[in-house]
Amino acid sequence: RPEDGAWRPVGPKESCPMATSDVRFIHTINESFKVYLGTPGGSLWYFVYENGIIQASVNTGISLVGKQITFAQLHKTVIMSNITDKLMYTFVFDVNSERYKVFDSGLPELPNISITLQDPVVGYPFPGTASGTSLDDSSEALAWVLKTSEEMAKHTFAGPIVLRFAWELMDGSVVKHSQPIYTTSSYFSLLSATSLQWNGKYLLISATTSSTIINALIAKWKGVIRSLNIYVMRPITPTEGITDIVPLYNDPPIAEETNYYLVKTIPLDQIAIVLEPLLGDWREIETFPTMPTDNFSHHSIHAASLFAYNERIFLGDITTRLYSAFSPAAFLEAISGGITGPDYTVAMEVDLNTSDGVKTIRYSSTVNLYKSSGEPDVIAFRTRRYLSYPDARATVIRVLVTPN
């Protein structure tokens with residue numbers, strides 16, 4: 001460009017790495033740091049320069065031989081799209097370590113969570129047992145149960161409850177919510193024809209994923225994920241018993257409009273060591289923050305075009321890969337008297353009503369549940385209380401069995 005003396009590249013741009021010396025993108029971090037991303041040997045490397053002096057060269061291990069790729073950057077972040085394989089990678093540069101933190105998939109799955117029922121210990125604000133006597137009929141018994149439940153709700157839950165878990169991000173978004181989890185907390189039992197007993201319990205929440213995996217998750221997602229949130233559906237109000245004075249509880253109804261209320265927030269860096277009791281005043285639970293609907297964070301997306309503009313990275317020509325990580329086996333259990341035997345396949349198909357019409361996702365796992373020792377070749381199982389898919393656009397779930 002003779003008019004201003006500036007150098008400009010000439011010739012056509014190549015969309016695929018052609019030579020081992022290719023530099024595919026230059027990421028300017030600030031006045032001191034530049035990172036050159038290239039493909040020597042066919043995999044993605046990056047070379048960190050500070051004030052023109054190389055500080056590090058790192059092989060990411062991402063193979064790009066014959067792949068069409070494109071980049072966009074915003075501040076310390078670079079997004080690379082592998083157009084050929086429909087994969088997205090996000091690189092966030094850390095100045096202190098002079099390395100990228102690489103995110104090669106969507107948000108992480110929630111850790112495995114254990115929910116156990118515990119007896120109150122000395123010093124807890126509610127008793128392990130309480131008795132109601134001289135309850136001459138079901139209406140008197142129900143009145144005592146409702147009064148006791150209201151009093152104990154200052155401290156713990158009673159009856160069947162449904163929990164869900166989700167990540168809360170640093171911007172306040174609530175994502176990756178779990179399937180509904182049914183459990184029972186405190187309950188009432190029959191002492192005599194005219195007496196009931198309250199059996200006080202509380203729920204203890206702990207992570208059962210190995211500390212090695214959780215520590216790696218914390219290190220990678222610190223600054224992105226704020227906390228693990230625990231949500232609970234409004235507890236069910238009991239009704240009168242039929243054959244005796246023990247109150248009845250219906251299964252909590254699951255519907256698209258069901259609200260789940262925030263009862264506990266566990267900071268990300270405490271997940272590996274925490275054992276969280278669900279203790280609190282739940283009488284006004286319907287005034288607590290609710291879990292928002294999330295139809296998209298479980299899915300993954302790919303953008304074939306992207307560019308930075310006005311402090312944002314814009315994505316175009318987007319393809320969505322529907323979520324299929326829930327295992328069908330997690331929703332199944334043995335029938336009464338059932339046995340185990342050779343593995344077979346159970347699949348679930350889910351129909352989603354999207355703006356582009358009905359989309360169907362199928363996912364499967366192996367199961368080994370059979371009817372009984374007398375009929376060991378008859379496949380038999382039952383579904384747990386709730387089949388679910390983490391997208392409110394889901395309308396139908398089909399359960400399919402493939403023997404042999």
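Coordinates for the structure precede this section.
Residues numbered from 1 in each chain as written. Predicted model: local features only at pLDDT ≥ 70, side-chain atom pairs only at ≥ 80, totals over all residues. Heavy atoms only, no water.

1. What to know about the overall build of the chain
Thinking step 1. Summing up its helical and strand segments, the chain has two helices and 26 strands in all.
Thinking step 2. Taken along the three principal axes of its C-alpha coordinates, the chain extends 100 × 55 × 40 Å.
Thinking step 3. For the chain, the residues scored as buried account for 41% of the 404 residues in total.
Thinking step 4. If you take every contact in the chain between residues at least 6 apart in sequence, the share linking residues at least 24 apart comes to 64%.
Thinking step 5. When the accessible surface of the chain is totalled, it reaches about 21600 Å², and 51% of it is carbon and sulfur.
Thinking step 6. In the chain, 31 side chains carry a positive charge and 40 a negative one; their mean positions are 7 Å apart. (Helix = DSSP H or I, 4+ residues; strand = E, 2+ residues; numbered from the N terminus. Buried < 20%, exposed > 50% of the residue type's maximum accessible area, 1.4 Å probe, protein only. Contact = heavy atoms within 4.5 Å. Areas by Shrake-Rupley, 256 points an atom, 1.4 Å probe, with all protein chains shown as cover. Lys, Arg positive; Asp, Glu negative; His and termini not counted. Charge placed at Lys NZ, Arg CZ, Asp CG, Glu CD.)

2. Details of the nonpolar core
Thinking step 1. Membership of the largest hydrophobic core comes to 28 residues, with the highest contact counts inside it found for F157, L163, W167, I230, V263, L268 and L278.
Thinking step 2. Put simply, the parts of the chain that give this core at least two residues each are β11 (160-169), β16 (202-207), α2 (211-221), β17 (225-233) and β18 (260-267).
Thinking step 3. If you look at the next biggest cluster of nonpolar residues, it comprises 20 residues, including L44, A56, L64 and F93. (Core = buried A, V, L, I, M, F, W, Y, C linked by side-chain atoms within 4.5 Å.)

3. With respect to the pattern of salt bridges
Thinking step 1. What the rule picks out here adds up to 16 salt bridges.
Thinking step 2. For E109, the salt bridge identified is with K176, shortest N-O distance 3.0 Å. Pair noted here: E109 is in the loop between β8 (99-103) and β9 (113-118) and K176 is in the loop between β12 (174-175) and β13 (181-184), with a separation of 67 residues, a long-range link.
Thinking step 3. On the accessibility criterion, E109 (39% relative accessible area) is partly exposed.
Thinking step 4. Its salt-bridge partner being R398, residue E349 comes within 2.9 Å of it at the nearest N-O pair. Here the residue E349 occupies a position in strand β23 (residues 339-354), and R398 occupies one in strand β26 (residues 394-402), the gap between them amounting to 49 residues. (Salt bridge = Lys/Arg side-chain N within 4 Å of Asp/Glu carboxyl O.)

4. Topic: the sheet that holds strand β10 (residues 129-132)
Thinking step 1. Pairing is antiparallel in the open sheet, where three strands are placed in the order β10-β15-β14. Two strands bound the open sheet, and with one partner strand each, they are β10 and β14 (187-192). Strand-to-strand twist across the sheet, computed as the mean angle between neighbouring axes with direction ignored, equals 25 degrees.
Thinking step 2. In this sheet, strand β15 (residues 195-199) lies alongside β14 in antiparallel orientation, the contact comprising five bridges. Directly across from S189, in β15, lies its bridge partner Q197.
Thinking step 3. Contacting β10, β14 and β15, helix α1 (residues 138-152) runs over the sheet at an angle of about 20 degrees to β15. (Pairing = 2+ DSSP bridges. Axes fitted to C-alpha atoms, helices over the stretch in contact; angles between N-to-C directions.)

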